[in-house]
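As a plain string of letters, each chain reads:
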Amino acid sequence: MLNTLKDFFTLEMIYHFTNIGVIPMWILLAFLPGWNGTKILINSILVPLILGLTYFYVLYIYINTSEGIFSNILDKGKIFELYMGIDQLKKIFSDKNVLLLFWIHFLTANLILGAWIATDAAKNKALQFIVLVPLVLTYFAGPLGLGVYLILRLLAAQKFKLFD
């Protein structure tokens, strides 16, 4: 059964589905954070579970059908060579399977981070148009968006005024 799935769900197809699949979630976070549908989709385990199963599927197919660098590292017990330098990291990410695994990881982590930002902003009664900038930044570069949100949140809590 997994071989049939492998023939249907190519790496390219999975890449496109995951990219397109998270966009509606980000639109909901940005423009309808208080809507019950957003809360159900974003604050439940549904979307992370789907992305997690996709991640597991790509990892399973890769380990069982590849002699790539990642499986060689696991087989030889050299997992910590990943941390030996940027050249080793570059070599690992040269494999499309590993790159796709990273991309799914990136999309999932950023979406969870964006959900936290939207939930925290709603809890603190932040103006939605102010939260839009950190959400967009989080979509593209997770930690940068989080940093901007936390700075805005700190400034709002301190009642910092640009003009007296």
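Residues numbered from 1 in each chain as written. Predicted model: local features only at pLDDT ≥ 70, side-chain atom pairs only at ≥ 80, totals over all residues. Heavy atoms only, no water.

## Section: the environment of Ile117
Topologically, Ile117 is positioned in helix α7 (residues 96–123). Along the chain, Ile117 and Thr138 lie 21 residues apart, while their C-alpha atoms are 9.1 Å from each other. In this view, Ile117 contacts Val131, Leu135, Thr138, Gly145, Leu146 and Tyr149; residues no more than four positions away in its chain are not counted. (Helix = DSSP H or I, 4+ residues; strand = E, 2+ residues; numbered from the N terminus. Contact = heavy atoms within 4.5 Å.)

## Quick notes on the confidence of the model for the protein
Looking at the protein as a whole, its pLDDT mean stands at 83, while 81% of the residues score no less than 70. Within the protein, helix α2 (residues 11–31) carries the highest mean pLDDT (93), whereas helix α5 (residues 69–76) carries the lowest (54). (pLDDT = per-residue confidence, 0-100.)

## Details of the pattern of salt bridges
Pairing of side chains with opposite charge becomes possible as their charged atoms draw close. With the rule as written, the count across this model stands at one salt bridge. Arg153 is paired through a salt bridge with Asp120; the nearest N and O atoms lie 3.1 Å apart. Note that Arg153 is positioned in helix α9 (residues 142–157) and Asp120 in helix α7, a separation of 33 residues in sequence. The class of Arg153 is partly exposed, set by a relative accessible area of 35%. Taking the relative accessible area as the measure of exposure, Asp120 reaches 5% and is therefore buried. (Salt bridge = Lys/Arg side-chain N within 4 Å of Asp/Glu carboxyl O. Buried < 20%, exposed > 50% of the residue type's maximum accessible area, 1.4 Å probe, protein only.)

## Observations concerning the packing of aromatic side chains
Ring pairs (aromatic) are described by centroid distance and by the angle formed between their planes. On inspection of all chains with the given rule, the structure shows eight aromatic pairs. Plain terms: the ring middles of Trp103 and Phe106 are 5.0 Å apart, the flat faces sit at 20° to each other, and that makes the pair stacked. On the criterion of helical spacing, the pair formed by Trp103 and Phe106 is a turn pair, its members being three residues apart in helix α7. On the accessibility criterion, Trp103 (26% relative accessible area) is partly exposed. One aromatic cluster in this structure is built from Tyr15, Phe93, Phe102, Trp103 and Phe106. (Phe/Tyr/Trp six-rings, centres within 6.5 Å; stacked < 30°, edge-to-face > 60°.)

## Quick notes on the environment of Thr10
By the secondary structure assignment, Thr10 is in the loop between α1 (2–8) and α2. Note on Thr10: relative accessible area 36%, which makes it partly exposed. Here the alpha-carbon distance between Thr10 and Val58, two residues 48 residues apart in the chain, equals 9.5 Å.

## Points about the nonpolar core
Within the largest apolar cluster, 17 residues are counted, with the highest numbers of intra-cluster contacts made by Val22, Trp26, Leu29, Leu111, Val131 and Leu135. If you list the elements that add at least two residues to this core, you get α2, α4 (46–65), α7 and α8 (128–140). No other element matches the six residues that α7 contributes to this core. In contact with Leu29, not counting residues within four places along its chain, are Thr38, Ile42, Leu111, Gly114, Ala115, Ala118, Gln128 and Leu135. (Core = buried A, V, L, I, M, F, W, Y, C linked by side-chain atoms within 4.5 Å.)

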